[in-house]
Amino acid sequence: MNEFIIALGWTGLFAPMALGAIGSVIGCAVAGQAAIGAMVDTESGFGRYLGVSVMPSSQTIYGIVVMFSLQRDVTPETAPALFGIGLLSGLALLFSALYQGRACASAIHASKTKPEIFGLSLAPAAIVEGFAVFAFVFALVLAGGIPG
Amino acid sequence: MTHSDRYAMLLSALPYHGPLFGAKQTPLSRIRLNQRLALLDPVEADCLRHARRLLEWAQQEPDRTDAQAVVRAKQVIDGITNPFIRDLVTWRLEMRTLVAALRRRHRGESAPRDRRWGFGRWVGRIMQHWNEPAFGLERAFPWLPEAERLLGRGATVDLERLLLGAVWNHLESCSDGHYLDFEAVVIYVLRWDMIARWTTYDGEEAARRFDELVEQAMAGVEKSLRPPADALRTERP
């Protein structure tokens, strides 16, 4: 039984990093493809499109930081907390990156036609980023309370 | 990449088309559109091609009877594997059936006797309610009474505008929830076809063609009314 709990602890330890990276992969791929499509259709603003398309990569960085903040000896006492915080923060990072990618793709699509709304079109992606930051910060706060 | 995001690149490479009736030209040329559509999955590209062949007026065979056209439409629709396109094409053909019924009634024809004159689920109902205004379908198709009124007035341009507007709005409602997927591509292409059609309408060209047709018809009539030369010679004193 203890081995199983310890395995869950290790899963929780690596989950924020792994799930955040999966989300960033999908989000950046969706937004990146939209950026490439916009470059085909326009004559300028290429750097802007590429810049927006990498927004979902921040979730991987948050995941790495949460992982390091959780890092400690994995024992039957610490494993449940590591699993809970790690897995749930990882899921939050995964979905935020995924949907941020879609929001970025839509922003690229819209600002290609109407460059003057570029800033405003990023608002949904920025709000999604805000929720990822909530998950990140509170994972750090809770990680400080885990013994060991 | 999830199923619903896989055409992010293709859709971003298609320029915004704007409103239908404000358009002066298509947002991109037919050649460029076809180049971009080469990014589609072959099976989905086939579905789209079948749908366009069925819907574009330029691709219709004018010599085909209504019954033959209905049989052909059923065959093509059965071959379309994508349910979204199947529903869209069915809706468009049902709309054309309604307009065809309005035109028949406007010409003074009585209700058709067999069901092979039209397509879709409304054929029987139209036949049953032939003499009712808008065939009793004004709740399902709010544009029908107006179309009937415009047809009665002979306002063909306004009628065309109304019908294209109804299709445009239907596509708008179908586009809800489709942003980066195949369905969004289908809606874009069907709208491109509508813009292509609307922007190629030319009043002067239509008037010239109409005059040509009238001249051709009158030449035939004059020829048939003119007495043969031999008859004229024998009638002379």
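The structure under discussion appears in the preceding block.
Just so we're clear, the structure is a prediction, and the values are computed from it rather than from any experiment.

Rules used in this analysis
Residues numbered from 1 in each chain as written. Chains lettered and ligands numbered in written order. Predicted model: local features only at pLDDT ≥ 70, side-chain atom pairs only at ≥ 80, totals over all residues. Helix = DSSP H or I, 4+ residues; strand = E, 2+ residues; numbered from the N terminus. Rg over C-alpha atoms; globule rule 2.2 N^0.38 Å. Buried ≥ 20, exposed ≤ 12 C-beta atoms within 10 Å, placed from the backbone. Contact = placed C-beta atoms within 7 Å. Nonpolar A, V, L, I, M, F, W, Y, C, P; charged D, E, K, R; others polar. Arc of directions from axis to C-beta. Axes fitted to C-alpha atoms, helices over the stretch in contact; angles between N-to-C directions. Parallel < 35°, antiparallel > 145°, perpendicular 65-115°, else oblique. Left-handed = near helix turned anticlockwise from the far one by under 90°. Core = buried A, V, L, I, M, F, W, Y, C linked by C-beta atoms within 7 Å. Expected span 1.5 Å × (residues − 1).

(A) Just the overall build of chain B, in detail. Counting its secondary structure elements, chain B contains eleven helices and zero strands. Secondary structure of chain B in N-to-C order comes out as α-α-α-α-α-α-α-α-α-α-α. Taking 237 residues into account, the globule formula puts the C-alpha radius of gyration at 18 Å, and chain B, at 23 Å, lies well above it. Residues classed as buried in chain B amount to 20% of the 237 residues present. Considering only intrachain contacts with a sequence separation of at least 6, the fraction spanning at least 24 residues in chain B is 62%.

(B) Geometry of the overall build of chain A. Helix and strand counts for chain A come out as six helices and zero strands. Overall, chain A shows an N-to-C arrangement of helices and strands of α-α-α-α-α-α. In terms of its C-alpha atoms, chain A occupies a principal-axis envelope of roughly 60 × 20 × 15 Å. Across the 148 residues of chain A, 49% fall into the buried class. Residue pairs in contact within chain A that sit at least 24 positions apart in sequence constitute 85% of those at least 6 positions apart.

(C) Broad picture of the interface of chain A and chain B. At the interface, 17 residues of chain A touch 14 residues of chain B. Those elements that place two or more of their residues in the side of chain A that touches chain B are α1 (2-41) and α4 (79-113) of chain A. A per-element tally of the side of chain A that touches chain B places α1(A) first, with ten residues. Taken together, the residues of the side of chain A that touches chain B break down into nine nonpolar, five polar and three charged.

(D) Inspection of helix α2 (residues 46-53) of chain A at higher detail. All names here are of chain A. Along α2, the residues classified as buried are Y49, V52 and S53. All buried residues of α2 fall inside an arc of 100° around its axis, so they share one side. Of the residues in α2, the exposed ones pointing more than 90 degrees away from the buried face are G47 and G51.

(E) Region of interest: the packing of helix α8 (residues 156-174) of chain B against helix α9 (residues 182-199) of chain B. Residues and elements named next belong to chain B. Two numbers describe how α8 lies on α9: the axes approach to 10 Å, and their chain directions differ by 165°. The orientation of α8 relative to α9 falls into the category roughly antiparallel. In terms of crossing hand, the pair formed by α8 and α9 is left-handed. Contacts between α8 and α9 involve L164, V167, W168, L171 and C174 on the former and, on the latter, I187, L190, R191, M194 and W198. Broken down by class, the residue content of the contact of α8 with α9 amounts to nine nonpolar, no polar and one charged.

(F) Highlighting the nonpolar core. One finds A:A31, A:A34, A:C104 and A:I108 to be the most contacted residues of the largest nonpolar core, which totals 68 residues. The element that contributes the greatest number of residues to this core is α4(A), accounting for 15 residues. With residues near it in sequence (within four places) discarded, A:A31 still touches A:V52, A:S53, A:M55, A:P56, A:G101, A:C104, A:A105 and A:I108. Ranked by size, the runner-up nonpolar core spans twelve residues in total, among them B:M95, B:A101, B:A134 and B:A147.

(G) Spatial organisation of the environment of B:W117. All names here are of chain B. With respect to the element layout, W117 can be found in the loop between α5 (83-106) and α6 (123-128). On the basis of neighbour count, W117 is assigned to the buried category, with 20 C-beta atoms found within 10 Å. Between the C-alpha atoms of W117 and Y179, which are 62 residues apart in sequence, the distance is 37 Å. With near-sequence residues (within four places) excluded, W117 lies in contact with D66 and P112.

(H) Region of the structure containing the packing of helix α7 (residues 144-153) of chain B against α8(B). All names here are of chain B. Between α7 and α8, the shortest axis-to-axis distance is 8 Å and the interhelical angle comes to 160°. The orientation of α7 with respect to α8, classified from their angle, is roughly antiparallel. Considering the relative orientation of α7 and α8, their crossing is left-handed. Taking contact as the criterion, the partners of E146, A147, L150 and L151 in α7 are, on α8, D158, L159, L162 and L163.

(I) Focus on α9(B). Residue and element names in this part refer to chain B. Taking 1.5 Å as the rise per residue, α9 with 18 residues should run 26 Å; its terminal C-alpha atoms sit 26 Å apart, in good agreement. Among the residues of α9, F182, E183, A184, V185, V186, Y188, L190, R191, M194 and I195 are the ones counted as buried. In this fold, the buried residues of α9 make contact with α1 (8-12), α3 (42-55), α5 and α8.

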